[in-house]
Amino acid sequence: MDIELILKVYPYFIEAAWVTIQLSVLTTLLGLTCGALGAAARLSRLAVVRFLGAAYVSFFRGTPALIQLFLLYFGGPQIGIQLDAFEAGVIGLGVNIGAYMTETIRGGIIAIDKGQREAARTLGMSRWQAMRYVILPQAARLMIRPLGVNINALIKGTALVAAISVVELTYTAQRFIGSTYKPFEMFLISGILYMAIIYVTGRGIAWLDRRVRIV
Amino acid sequence: MTEKPFVDIRHAQKSFGSLEVLKDINLQVSRGQIVAIIGPSGSGKSTLLRAINDLDPLTGGEVWLEDTQVNKKLPHRQYEKHINQVRQDIGMVFQHFNLFPHLTVRENIKLAPKMLKGLSDAEADKLAEEQLDKVGMLERIDYYPSQLSGGQKQRVAIARALAMKPKVMLFDEATSALDPELVEEVNLVMKKLAEEHMTMIIVTHEMGFAESVCDRVLFMDQGVVVEEGPPDVIFRNPTNERTRNFLRKHLANANK
Ligand SMILES: Nc1ncnc2c1ncn2[C@@H]1O[C@H](COP(=O)(O)OP(=O)(O)OP(=O)(O)O)[C@@H](O)[C@H]1O
Ligand SMILES: [Mg+2]
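Residues numbered from 1 in each chain as written. Chains lettered and ligands numbered in written order. Predicted model: local features only at pLDDT ≥ 70, side-chain atom pairs only at ≥ 80, totals over all residues. Heavy atoms only, no water.

- The name an unreviewed UniProt entry assigns to chain B is Polar amino acid ABC transporter ATP-binding protein, from the organism Seohaeicola zhoushanensis.
- For the record of chain B, the UniProt heading Sequence similarities (unreviewed entry) holds the text "Belongs to the ABC transporter superfamily." (UniProt positions renumbered as here; feature names shortened; annotations may be inferred.)

- Where an unreviewed UniProt entry is consulted, chain A appears under the name Nickel transporter, with the organism given as Seohaeicola zhoushanensis.
- Taken directly from UniProt, the Sequence similarities (unreviewed entry) text for chain A runs: "Belongs to the binding-protein-dependent transport system permease family. HisMQ subfamily."
- According to UniProt, the comment filed for chain A under the heading Function (unreviewed entry) is "Part of the binding-protein-dependent transport system for glutamine; probably responsible for the translocation of the substrate across the membrane."

A look at the site of ligand 1
Residue and element names in this part refer to chain B.
Stage number 1. Close contacts around ligand 1 come from 13 residues, with Ser 41, Gly 42, Lys 45, Ser 46 and Thr 47 the closest.
Stage number 2. Between Ser 43 and ligand 1, the recorded distance is 3.2 Å, taken from a backbone N or O atom to an oxygen atom.
Stage number 3. Within the complex, the protein chains bury 59% of what would otherwise be the 630 Å² of accessible surface of ligand 1.
Stage number 4. Counting residues per element, the ones that place at least two in the shell around ligand 1 are β2 (19-29) and α1 (45-52).
Stage number 5. Here the element with the most residues in the shell around ligand 1 is α1; it accounts for 3 residues.
Stage number 6. Partitioning the shell around ligand 1 into residue classes produces 4 nonpolar, 7 polar and 2 charged. (Near = heavy atom within 4 Å. Polar contact = N/O pair within 3.5 Å; in protein donor to acceptor, adjacent residues only side chain to side chain. Areas by Shrake-Rupley, 256 points an atom, 1.4 Å probe, with all protein chains shown as cover. Helix = DSSP H or I, 4+ residues; strand = E, 2+ residues; numbered from the N terminus. Nonpolar A, V, L, I, M, F, W, Y, C, P; charged D, E, K, R; others polar.)

Brief notes about the UniProt feature "domain: ABC transporter" (unreviewed entry) in chain B
Stage number 1. The UniProt record annotates "domain: ABC transporter" (unreviewed entry) at residues 7-247 of chain B.
Stage number 2. In the segment residues 7-247 of chain B, helix accounts for 40% and strand for 25%; the C-alpha atoms at its two ends are 27 Å apart.

Comments concerning the environment of Thr 63 of chain A
Residue and element names in this part refer to chain A.
Stage number 1. Tracing the chain through its elements places Thr 63 in the loop between α2 (47-62) and α3 (65-73).
Stage number 2. Exposure remark for Thr 63: the relative accessible area of 25% places this residue in the partly exposed category.
Stage number 3. Expressed as a C-alpha distance, the spacing of Thr 63 and Asn 96, which sit 33 residues apart in the sequence, is 9.5 Å.
Stage number 4. Within the local environment of Thr 63, its side chain forms a polar contact with the backbone oxygen of Phe 59, the two atoms lying 2.8 Å apart.
Stage number 5. Of the polar contacts made by the side chain of Thr 63, one reaches the side chain of Gln 68; its length is 2.7 Å. (Buried < 20%, exposed > 50% of the residue type's maximum accessible area, 1.4 Å probe, protein only.)

Concerning the UniProt feature "transmembrane region" (unreviewed entry) in chain A
Residue and element names in this part refer to chain A.
Stage number 1. Using the residue numbers shown here, the UniProt feature "transmembrane region" (unreviewed entry) corresponds to residues 12-41, 53-74, 147-167 and 187-208.
Stage number 2. The span residues 12-41 is 100% helix and 0% strand, and its two end C-alpha atoms sit 43 Å from each other.
Stage number 3. This span, residues 187-208, is 100% helix and 0% strand, and a straight line between its end C-alpha atoms measures 31 Å.

As for the sheet that holds strand β6 (residues 90-93) of chain B
Residue and element names in this part refer to chain B.
Stage number 1. Strands sit in the order β6-β7-β8-β3-β9-β10 across an open sheet of 6 strands; the sheet is mixed. Sheet topology places β6 and β10 (224-229) at the edges, where each strand pairs with a single neighbour. Each strand of the sheet is rotated relative to its neighbour by a mean of 20°, with strand direction disregarded.
Stage number 2. Looking at chain direction, strand β9 (residues 216-221) and β10 are connected through 5 bridges and run antiparallel. When the bridges of β10 are listed, Val 217 appears paired with Gly 229.
Stage number 3. In the packing of α1 onto the sheet, contacts are made with β3 (34-38), β6, β7 (168-172), β8 (199-203) and β9, and the angle to β7 comes to roughly 155°.
Stage number 4. Against the sheet, helix α6 (residues 180-195) contacts β3, β7 and β8, and its axis sits at roughly 145° relative to β8. (Pairing = 2+ DSSP bridges. Axes fitted to C-alpha atoms, helices over the stretch in contact; angles between N-to-C directions. Contact = heavy atoms within 4.5 Å.)

Some thoughts on the nonpolar core
Stage number 1. Counting 72 residues, the largest nonpolar core has Phe 13 of chain A together with Phe 100 of chain B as its most contacted members.
Stage number 2. Ranked by residue count, the leading element in this core is helix α6 (residues 127-157) of chain A, at 10 residues.
Stage number 3. If sequence neighbours within four positions are ignored, Phe 13 of chain A has contacts with Leu 169, Thr 172, Ala 173, Phe 176, Met 186, Ile 189, Ser 190 and Leu 193 of chain A.
Stage number 4. Ranked by size, the runner-up nonpolar core spans 48 residues in total, among them Leu 132, Ala 159, Ala 174 and Ile 234 of chain B. (Core = buried A, V, L, I, M, F, W, Y, C linked by side-chain atoms within 4.5 Å.)

Observations concerning the side chain of Asp 125 of chain B
Residue and element names in this part refer to chain B.
Stage number 1. Examined against the element boundaries, Asp 125 turns out to sit in helix α4 (residues 121-134).
Stage number 2. The buried category is assigned to Asp 125, whose relative accessible area is 18%.
Stage number 3. Of the polar contacts made by the side chain of Asp 125, one reaches the side chain of Lys 110; its length is 3.3 Å.

Structural data, given as structure tokens:
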């Protein structure tokens, strides 16, 4: 193993790790937004809206994320959507993981005993009040761990955007392999950095989960 | 003098798909009256009770509370507004308590009055304390539901319903999920409400309790009211064969 080389290229990888972190954070935020909207649609009173929610989930879970990304980045300009690679990466991955998060969030909501909604409605709360003050606070606690699983998948999924040349960890490894012919060292560094990001995120989620647990 | 009914159920009909669960039920309850509904499992007792606050909407017939039709036909948005208002006047207690587990006892009680009646935090606190005192649960005000016994949970659930100052209280087997030794504490609370002339409709399997507390008993079977009358008549001298059979079986089971 070429330690000297590793020390030399290491700063570039740290920089790339920042890009991966930014991608992950923005994708998580977009994913949660899409997931919340998707879950609201899936649970809507209106059949049309439920259908749209289901269609969103089926499409994004039923096709490869890479194809979705290519469709957006390479196909987008053809229909007037011009995005730089980073933007396309965030939007493509965020909307994709949002479909998974839709199911996670919906699962958390429907896991709450229906007696809770009934008790709230019986007191005179509206559908929304019952959701906001009774169902969601309980469902949110149930969702933290499964959303953590989605986020874990999403962080690893950011590697896909190397294919549209966003300079993140995977792309950086590939670029240095081109000039150094040392794939083992390069992929090892990016692997370790991915692991660090995922480890810290996992700890954060476990902490959050413990903190909000109901007595 | 015949007083106009306080709760008036007229020709109530309910089907789940092709299954007709309530068949032309009529029930008039006057103010302060306490009515027990008894009957075998699946006879439609809960469905009838849940029709009163439109939790299980009827497929036919009308429910009135004083001068308001509970299940009146309105466009969706208006109906939601209407029903949310009406439900504030109809307290309901469930077999499984349905306390909000993420909130303390205090918060369970304060939530709806603050949100729906615009009470200040201090007013809501005072209200919660009053209602908990009434059900003998004041010392547990800052506990979470998971820290209470079943009987205590049910007493808190009753306090939560009472905090909305309802005109009528509905009980759906309030003591069925409790260990036998915890039943009495809940029954005592219900008796106290009876003494205060709260209008109550009580679905129960406890014949002794029904007999001692209620003014009237309805026996339901297969979606119809088979027989109704004062408790001593229904329990001591039922005229209908089905009522007699039910009570005999029930007594046999209770003595096992
Ligand atoms: N949501 C529902 N969908 C379909 N059928 C239902 C539904 N709720 C109740 N039923 C049926 O309606 C009938 C009456 O049920 P209900 O719960 O009112 O009976 P009950 O008299 O309260 O019985 P129990 O003493 O067991 O509580 C039963 O046959 C039941 O299976
Ligand atoms: Mg029932």
